[in-house]
Amino acid sequence: MNASVSTATPSPAPDVQLPIEAEIARLIVDVLHLEIEPAAIAPEEPLFREGLGLDSIDALELALAISRQYGVTLRSDDARNAEIFASLRSLSRFIAAHRPA
Amino acid sequence: MSTAERLPLTDRPPRSVLFRLPERTVDAAGFLADAARLARTLPGRAHVANLCQDRYWFAVGFAAALLRGQVSLLSGDPSAGVLGWLAQQYPDAYVLTDRDHDLPPVPLARHRIARETGPSGGMPMPAIDARQPAMIVLTSGTTGSPAGTRKCWGELVARSRAAGLRFALKEGAPAAIVGTVPPGHMYGLETTVLLPLHAAVSVWCGPAFFPADIGAALDGLPGPRILVTTPLHLRALLQTTPPMRPPERVISATAPLERALAERAEQAWGTTMLEIFGATEVGSIASRRTTADAAWTLYPGVVLSGPDDAPTASAPWAEPRRLGDLLERTADGRHFRLIGRTSDLVKLGGRRASLAGLSRILTGIAGVQDGAFLAPDDLDRTPTARLMAVAVAPSHSVASLTHALRAEMDPVFLPRPLVLLDALPRDALGKLPRAALLAALTGAAPGTALG
């Protein structure tokens, strides 16, 4: 995931949530009624299956919440989708890049 | 001696469209050509676990296996536990995939579909013995270990034809289906893989998961469009209302559809909201219009027998199978009302499991001394409801126990919450009263639930 990050911007620490990641971690825990503290979601751990163990019901719920909260519409018409949902970090990055100004 | 009846792979006219891919349409002749091409490359084994994710290539994989006389093993979710069980039961089986996705490590050979397509036409339509075993559908069973239901080709064809009659699908004005259910799930398989082979519909094979996908798919399809979905997806669609030409008809299954939700769909979209009743083991057996009919009408050819609290469904070419539901049949025997389900059986995301079976899986995990699953009261009404579980497992955290369960069961059954206790509230007879369990679940200090 860090391949495109230039040396000028230090890549975020793998185990520390950035502010937007903490916000989205809270959204994930609230919407999906998970029994963990938002801070316990490691930014680069998988969200689905292994890792947090989310499933497709969660993906749909999460998409609804993201669209409500951030006005970002998720679609699955390309291979990027697996990438977007891969981790808290990738999901946060996608939302930050696509939310209306 | 009776002559074996043979039924064609598809009885659609050669140039009628069966599948609509984002980049092309596939007619009956093209589908046969793709299936025959793949069939020639398949390994010579008796069983194939079809794990293709793309709807079209799943269908081609199924048809190719059928042409080779191979039985497709179908499991809604390929967890390590299910695949491991499969490898034990069917050591000759191989896995058919359409991408290099990460499968759990299992001792099964793999065959990757090359997604080859080419010229079609000129091939005679193959006919397959109606009694040929076509698939074994794996369910979590009632004992905690998976169980397989065998379905022969005749049963599948008869059911598609019955659905075609029930939903008045006619070749003159063929409808197009957008399905939000995966092809490896029995409901998705029947409505989006098998139906177009023997009823006048075409099926969209592009993405149809997120509301925006579904809206775009519906907009791009010709003719009357049918949205085949679940209460969960329907609720999501009505909440977000993506810009779209609403579907002329909506069919829902896998969980009871609240009448209010059905009414909202009919009003918002000017559509007809239909519901299918079925189960993985028996397939679709009845339908109704949710806003108008309290009773379900059986599909043509399907017969219910036995007592109302332990009904059995029979259908052409299928052996009679028990239903997990409590019914009340009408005098003519063609309709029934749903009273409830047998308490041990739960249905989530269209998958059925027994609470006793799930509890056995839980207590079978190393380090678990005692444990039980239970269903919340609103399980049948709330599409997002989940099961709950309690366990006595001093060496485990919630996270480590969830991780262990994930390898053994379909994730839709994973408990939320899972609460760790010092002891379960068993009564003098060693039984677990539901009320005591619920009290233990809600009474536990929040901190005990954290891993």
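Quick caveat: nothing in here was measured; it's all calculated off a predicted structure.

Caption draft 1: Seen up close, the overall build of chain B. Across its full length, chain B carries 11 helices and 27 strands. Taking 2.2 N^0.38 as the reference for a compact globule, 451 residues should give roughly 22 Å; the C-alpha atoms of chain B span a radius of gyration of 22 Å, in line with that estimate. Each principal axis of the C-alpha distribution contributes one length, and for chain B these read about 70 × 50 × 50 Å. For chain B, buried positions account for 50% of its 451 residues. Intrachain contacts of chain B at a sequence separation of at least 6 include 62% that bridge at least 24 residues.

Caption draft 2: Examining the interface of chain B and chain A more closely. The partner chain A presents 16 residues to the 23 residues of chain B that form the contact. Mapped onto the side of chain B that touches chain A, the elements with two or more residues apiece are α6 (211-220), α7 (231-240) and α10 (398-406) of chain B. The element that contributes the greatest number of residues to the side of chain B that touches chain A is α7(B), accounting for five residues. Across the side of chain B that touches chain A, the residue classes break down as 13 nonpolar, seven polar and three charged.

Caption draft 3: Main features of the domain arrangement of chain B. Residue and element names in this part refer to chain B. The domain architecture assigned to chain B consists of domain 1 (6-341) and domain 2 (346-449). Each of domain 1 and domain 2 has a C-alpha centre, and these two points are 31 Å apart. Taken together, the 24 residues of domain 1 in the interface contact 20 residues of domain 2. For the side of domain 1 that touches domain 2, the elements supplying multiple residues, two or more each, are α3 (80-89) and α7.

Caption draft 4: Fine view of the sheet that holds strand β16 (residues 283-289) of chain B. Residues and elements named next belong to chain B. In spatial order, the strands read β3-β2-β12-β11-β13-β14-β15-β16-β17-β22-β21; together these 11 strands make up an open sheet with mixed pairing. Here the strands that pair on one side only, and so sit at the sheet edges, are β3 (25-27) and β21 (325-329). In this sheet, neighbouring strand axes are inclined to one another by 30 degrees on average, regardless of whether the strands run parallel or antiparallel. Set on the sheet, α6 makes contact with β11 (175-179), β12 (201-204) and β13 (225-229); between it and β11 the angle comes to about 170 degrees.

Caption draft 5: Spotlight on the pairing of strand β24 (residues 351-354) of chain B. All names here are of chain B. The side-chain alternation of β24 yields two buried faces, one formed by Arg351 and Ala353 and the other by Arg352 and Ser354. As paired elements, strand β23 (residues 345-348) and β24 share four bridges and run antiparallel to each other. Within β24, the position partnered with Leu348 by the bridge is Arg351. Between β23 and β24, which pair antiparallel in sequence order, lie two residues; one of them, Gly349, sits at a positive phi of approximately 50 degrees.

Caption draft 6: Quick peek at the confidence of the model for chain B. Residues and elements named next belong to chain B. In the predicted model, chain B carries a mean pLDDT of 89, and 95% of its residues have values of at least 70. With pLDDT under 50 throughout, residues 445-451 is counted as low confidence; its partners more than four residues away or in other chains account for 15 contacts. This complex was scored by the predictor with a pTM of 0.84 and an ipTM of 0.81.

Caption draft 7: Structural context of the packing of helix α1 (residues 28-41) of chain B against helix α2 (residues 55-67) of chain B. Residue and element names in this part refer to chain B. It is the contact of α1 with α2, at a shortest axis distance of 8 Å, that shows an interaxial angle of 60 degrees. Of the two possible hands of crossing, α1 and α2 adopt the one that is right-handed. Residue-level contacts link Asp34, Ala35, Ala36, Leu38 and Ala39 of α1 to Val60, Gly61, Ala63, Ala64 and Leu67 of α2. Tallied by class, residues from the contact of α1 with α2 come to eight nonpolar, one polar and one charged.

Caption draft 8: Unusual backbone geometry, seen in detail. All names here are of chain B. Of note, the bond from Arg416 into Pro417 is cis; its omega dihedral lies within 30 degrees of zero at 5 degrees. Here Pro417 is to be found in the loop between α10 and β27 (418-420). Look at Ala168: it is not a glycine, yet its phi comes out positive at around 50 degrees. With respect to the element layout, Ala168 can be found in the loop between α4 (153-166) and β11. Note on Ala168: 10 C-beta atoms within 10 Å, which makes it exposed. Even without being glycine, Trp317 reaches a positive phi, approximately 70 degrees. Relative to the elements of secondary structure, Trp317 occurs in the loop between β19 (312-315) and β20 (318-322). Trp317 gets classed as partly exposed once you count the C-beta atoms within 10 Å, which come to 18.

Rules used throughout
Residues numbered from 1 in each chain as written. Chains lettered and ligands numbered in written order. Predicted model: local features only at pLDDT ≥ 70, side-chain atom pairs only at ≥ 80, totals over all residues. Helix = DSSP H or I, 4+ residues; strand = E, 2+ residues; numbered from the N terminus. Rg over C-alpha atoms; globule rule 2.2 N^0.38 Å. Buried ≥ 20, exposed ≤ 12 C-beta atoms within 10 Å, placed from the backbone. Contact = placed C-beta atoms within 7 Å. Nonpolar A, V, L, I, M, F, W, Y, C, P; charged D, E, K, R; others polar. Domains from an automatic or database assignment. Pairing = 2+ DSSP bridges. Axes fitted to C-alpha atoms, helices over the stretch in contact; angles between N-to-C directions. pLDDT = per-residue confidence, 0-100. Left-handed = near helix turned anticlockwise from the far one by under 90°.

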